[in-house]
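Residues per chain, in single letters:
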Amino acid sequence: MSDEDAFDSDHMQCRHCGKWIYVDSPQCPSCKNYTSDLGEFDSAPRSDQRLPLIWVIAGWLALIGMVVPIVLAVYYHFRR
Ligand SMILES: [Zn+2]
């Protein structure tokens, strides 16, 4: 443990320009690029970190598939 650990908890390195910025700041004050939660892992590969759209859709379908039967069951339960 060192002082740098405490420093790292409040700051993260901008993925775009490498400047140290506050973790809470959504936008880098230096290069005006938006940061993300993944940005603090600066050593991580900078490949496309966006979630593929197909996974977002699949996630929603899975969520709907779970929620709709429950909602229908509750609906019919109270309707009777
Ligand atoms: Zn920056």
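Chains are numbered independently. Their residues run from 1 in the order of the written sequence. Given that this is a predicted model, residues contribute local features only at a pLDDT of at least 70 and side-chain atom pairs are listed and counted only at 80 or more, while totals for whole chains, interfaces and linings are drawn from all residues.

## Overview of the overall build of the protein chain
Phase 1 of the analysis: Helix and strand definitions follow DSSP, with helices as H or I runs of at least four residues and strands as E runs of at least two, each counted in order from the N terminus. Secondary structure assignment for the protein chain yields 2 helices and 2 strands.
Phase 2 of the analysis: Shown N-terminal to C-terminal, the secondary structure of the protein chain runs as helices and strands in the order α-β-β-α.
Phase 3 of the analysis: Taken over 80 residues, the protein chain has a buried fraction of 8%.
Phase 4 of the analysis: Two residues form a contact once the distance between their C-beta atoms, set from the backbone, is within 7 Å. Taking all contacts inside the protein chain whose residues are at least 6 apart in sequence as the whole, residues at least 24 apart take part in 15%. Any residue with 12 or fewer other C-beta atoms within 10 Å of its own C-beta is exposed, any with 20 or more is buried, and the rest are partly exposed; the C-beta atoms used are placed from the backbone.

## Here's the deal with the environment of Met12
Phase 1 of the analysis: Looking at the secondary structure, you find Met12 in strand S1 (residues 11-13).
Phase 2 of the analysis: For the pair Met12 and Tyr22, spaced 10 residues apart in sequence, the C-alpha separation works out to 6.3 Å.

## Re the environment of Asp24
Phase 1 of the analysis: Here Asp24 shows up in the loop between strand S2 (20-22) and helix H2 (53-79).
Phase 2 of the analysis: Along the backbone, Asp24 and Asp10 are 14 residues apart, and their C-alpha atoms lie at a distance of 8.1 Å.

## What to know about unusual backbone geometry
Phase 1 of the analysis: Non-glycine residue Lys32 carries a positive phi angle of around 65 degrees.
Phase 2 of the analysis: Position of Lys32 relative to the elements: it lies in the loop between S2 and H2.
Phase 3 of the analysis: On the basis of neighbour count, Lys32 is assigned to the exposed category, with 9 C-beta atoms found within 10 Å.

## Quick notes on the confidence of the model for the protein chain
Phase 1 of the analysis: A residue's pLDDT is simply how confident the predictor is in it, with values from 0 to 100. On average, the protein chain scores 79 in pLDDT, and the residues at 70 or more come to 72%.
Phase 2 of the analysis: Averaged over each element, pLDDT in the protein chain is lowest for helix H1 (residues 3-10) (63) and highest for H2 (94).

## Topic: the environment of Thr35
Phase 1 of the analysis: Along the polypeptide, Thr35 turns up in the loop between S2 and H2.
Phase 2 of the analysis: Among the residues examined, Thr35 registers 20 C-beta atoms within 10 Å and is labelled buried.
Phase 3 of the analysis: Along the sequence, Thr35 and Arg15 sit 20 residues apart, while their C-alpha atoms lie 7.2 Å from each other.
Phase 4 of the analysis: Leaving out residues up to four positions away in the same chain, Thr35 has contacts with Cys14, Arg15, Ile21, Pro26, Gln27 and Cys28.

## What to know about H2
Phase 1 of the analysis: Its 27 residues place the ends of H2 37 Å apart at the C-alpha level, agreeing with the 39 Å of an ideal helix rising 1.5 Å per residue.
Phase 2 of the analysis: Where burial is concerned, little of H2 is hidden: 0 out of the 27 residues are buried. A helix is expected to span 1.5 Å multiplied by its residue count minus one.

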